[in-house]
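Structural overview for review
Okay, here's what each chain looks like letter by letter:
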Amino acid sequence: MTAASLPATETTAEAIGVTEVHKSFGQNEVLSGISLSVAAHEVICLIGASGSGKSTLLRCINLLEPISSGQIRLLGQDVTRPGVDANLVRRRVGIVFQSYNLFPHMTVQRNVTLAPVKALRMPRAQADAQAAELLARFGLADKRGEYPDRLSGGQQQRVAIVRALAMQPEVMLLDEVTSALDPELVAEVLEVIRELAAGGMTMLIATHEMGFARDIANRICFLEEGRIIEEAPPAELFTDPKDDRTRRFLRRIVEAGRL
Amino acid sequence: MTTDDEPGTVGAAGPSGLSVSGAGLTRRPSPDGRIVEPSPGGFFSAGRGPRLLSAGGGRAAVVSTVSTLVVLAALVAIFLAAPGSAQVRHTFFDPHDMWQSFIGNPSKGYYSVGEAIWLNIRMFLVAEVLILILALVIALIRQSTGPVLFPLRVLAMIYVDFFRGVPLLLVVYAIGFGLPALRLAFVSSQSFAVYGVIALTLSYSAYVSEVYRAGLNSVHQSQVAAARSLGLSHGTALRYVILPQAVRNIVPPLLNDFISLQKDTALVGVLGAIEANQAAQIYGSTFFNYSSLTVAAILFLILTIPLARFTDRLIEKDRRRRLAGAVT
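Residues numbered from 1 in each chain as written. Chains lettered and ligands numbered in written order. Predicted model: local features only at pLDDT ≥ 70, side-chain atom pairs only at ≥ 80, totals over all residues.

The next point concerns the overall build of chain B. Secondary structure summary: chain B contains 15 helices and 0 strands in total. Among the 328 residues that make up chain B, the fraction classed as buried is 35%. Restricting to contacts in chain B with at least 6 residues of sequence separation, those with at least 24 account for 71%. (Helix = DSSP H or I, 4+ residues; strand = E, 2+ residues; numbered from the N terminus. Buried ≥ 20, exposed ≤ 12 C-beta atoms within 10 Å, placed from the backbone. Contact = placed C-beta atoms within 7 Å.)

Take a look at the structure:
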């Protein structure tokens, strides 16, 4: 856990803080006053139907989407106040997307080293060495010279995770990273995330994999219509949900054979 | 000067017989229209050759070769049987005149078309680089979103509308005769070739900037998000992630524009620069034999056809790459 481990400079227990965040796309309010606190080294899973606001919340935390109102804090620092350099914030927050979004015109190696070299001004030799080490750790050592379209979906998604880790982020946001994968490729990606969790990475994970969420999460948040309806440790939320809407959602999941 | 642009059109429209005859009819004796028939016939077969081979099937290859030869023979027969055939062959395809105009003889008052084509090539090479740069700048301005750049965006839009709307020939005249007339210190004392390059650059940049813009739009927004999410600045993301993908997508249309540019260098002849077309024109008006224009047309074809085939190759390679990507 060299590259991905948390720096010791951290002083506050809260890694990510979200307070009363609203976000609208035109007339359509996607986040309706959402509040959430993620402690350092904590793994939180966001569950809920498509359109409940999980992805938008993650994109807002990464500042890919401006919020309409509210506050987002990263390691105690308000990152939504005016004048914050979004690029500096994004370098500390890794995000991985459902559709991998690897750069198709670059080799795996270049995908991983581009941001450290260009954004962190890391010497190329160091970036290359770090990329080699990370790729080897996630079983991708022999793919360094390949282009993304020669890789399977699972391999591409693992590369995307490595690409984010190469920036040595303090928190990781995972946006339904297994949703676009063929079922037989899901496990290899989940294995990578388990390893990150074991290494102490703070993670906020939007997922439809309920079994995985139950295994890995310290807490589960159930979202509906841009709000957190219920928030509890997995054992509690999956076996004894308090809210009717959570119960309804979980019943549909069970009926679909996904839990 | 006005007649000078006409051979330019002949050279320019060389590969397609129809537009040559259409353009030639206006100011030339009527046989003009017919002459060009054998030449497209010949290029027709040359262009088809490689594709015939790659078509694969032995029987199909034989059938298409035979049908090509039949069509070609018919065209040649029509040309030879035409009432004015002998005269046309003498005026436009006389081997002696073709050779004389190719090598030139300045002491007798005419220039070598073969030498003059180098001016076209030089103008093309310089204009090409300038166009690639200017067009990219215009495209990036038009794609920008910041409110501060609004006036620049309006200017860029007016520029593109203007130079796409005004015929290149008029731009060549305006620059070639307008800039010297201003009697400015440095600007007004350049050669016609320099003014020609400026005119070509101004006009073609408007077209090419639109090609760039299409390319930039063809890169998916998720690529922008992925690059920015890693903390790359807007400029860095553009340079290393967006532009390389955009350029890859637009290489074929870009090369297409450059094929067109290669032959449009002939328009600079209207200023009096001795490029291939102007040299051919001078030979023609000295000896009343236009075989020199045929030489110029052939030279332009020698320039443009390799680039055209190269473009085809790239398109095919790209298609295969995409297919391979889709399979895995």
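Moving on, we get to the overall build of chain A. Secondary structure assignment for chain A yields 9 helices and 10 strands. Structurally, chain A occupies a C-alpha span of about 55 × 45 × 35 Å along its principal axes. Classification of the 259 residues of chain A by burial places 46% in the buried group. Pairs at least 24 residues apart make up 67% of the contacts formed inside chain A by residues separated by at least 6 positions.

Our next topic: the confidence of the model for chain A. Residues at a pLDDT of 70 or more form 95% of chain A, whose mean pLDDT is 90. For the stretch residues 1–12 of chain A, pLDDT sits under 50, and the model shows 21 contacts to residues farther than four places along the chain or on other chains. (pLDDT = per-residue confidence, 0-100.)

With that settled, the discussion passes to helix α6 (residues 183–198) of chain A. All names here are of chain A. End to end, α6 covers 24 Å across 16 residues, agreeing with the expected 22 Å (1.5 Å per residue, within 8%). What α6 keeps buried is the set Val189, Val192, Ile193, Leu196 and Ala197. Buried residues in α6, looked at end-on, bunch into an arc of 145°, giving them a common side. For α6, exposure combined with an orientation more than 90 degrees from the buried face picks out Glu184 and Ala198. Those residues of α6 that are buried are in contact with β3 (43–47), α5 (153–165), β7 (171–175), β8 (202–206) and α7 (210–216). (Expected span 1.5 Å × (residues − 1). Arc of directions from axis to C-beta.)

Of the residues lining the interface, 18 residues belong to chain B; the matching set on chain A comes to 19 residues. Mapped onto the side of chain B that touches chain A, the elements with two or more residues apiece are α12 (221–229) and α13 (234–264) of chain B. Its residues assigned to classes, the side of chain B that touches chain A shows 7 nonpolar, 9 polar and 2 charged. (Nonpolar A, V, L, I, M, F, W, Y, C, P; charged D, E, K, R; others polar.)

Residues and elements named next belong to chain A. In space, the 6 strands of this open sheet follow the order β6-β7-β8-β3-β9-β10, with mixed pairing throughout. Because the sheet does not close on itself, it has two edges, and the strands there are β6 (93–96) and β10 (227–232). Put simply, the sheet's adjacent strands are angled 20° from each other on average, direction ignored. Strand direction decides the pairing type here: β7 and β8, joined by 5 bridges, are parallel. Bridge assignment links Leu174 to a residue of β8, and that residue is Ile205. (Pairing = 2+ DSSP bridges. Axes fitted to C-alpha atoms, helices over the stretch in contact; angles between N-to-C directions.)

This part covers the packing of helix α11 (residues 192–218) of chain B against α13 of chain B. All names here are of chain B. Viewed as axis vectors pointing N to C, α11 and α13 meet at an angle of 150°, and their least axial separation amounts to 8 Å. By the angle class used here, α11 and α13 are roughly antiparallel. Handedness of the α11/α13 crossing: right-handed. Residues Leu200, Tyr204, Tyr207, Val208, Val211, Tyr212, Ala214, Gly215, Leu216 and Ser218 of α11 form the contact with α13, whose own contacting residues are Ile242, Ala246, Val247, Asn249, Ile250, Pro253, Leu254, Asp257, Leu261 and Asp264. Partitioned by chemical class, the residues of the contact of α11 with α13 number 15 nonpolar, 3 polar and 2 charged. (Parallel < 35°, antiparallel > 145°, perpendicular 65-115°, else oblique. Left-handed = near helix turned anticlockwise from the far one by under 90°.)

Residues and elements named next belong to chain B. Running from N to C, helix α9 (residues 150–165) and α11 point in directions that differ by 120°, and their axes come no closer than 8 Å. Handedness of the α9/α11 crossing: left-handed. For the pair α9 and α11, the contacting residues are Tyr159, Val160, Phe163 and Arg164 in the first and Leu202, Ser203, Ala206, Tyr207, Ser209 and Glu210 in the second. Among the residues making up the contact of α9 with α11, the classes are represented as 6 nonpolar, 2 polar and 2 charged.

Residues and elements named next belong to chain A. Located in the positive-phi region is Leu75, a residue other than glycine, with phi close to 50°. One can find Leu75 in the loop between β4 (69–74) and β5 (77–78). With a phi close to 50°, Gln168 is a non-glycine residue in the positive phi region.

Below, the discussion takes up the sheet that holds β5 of chain A. All names here are of chain A. On the basis of which strands lie adjacent, the open sheet formed by 4 strands has the order β2-β1-β4-β5 and antiparallel pairing. Each having just a single partner strand, β2 (28–39) and β5 make up the two edges of the open sheet. Both β4 and β5 contribute to a ladder of 2 bridges, which runs antiparallel. Within β5, the residue paired with Arg73 across the bridge is Asp78.

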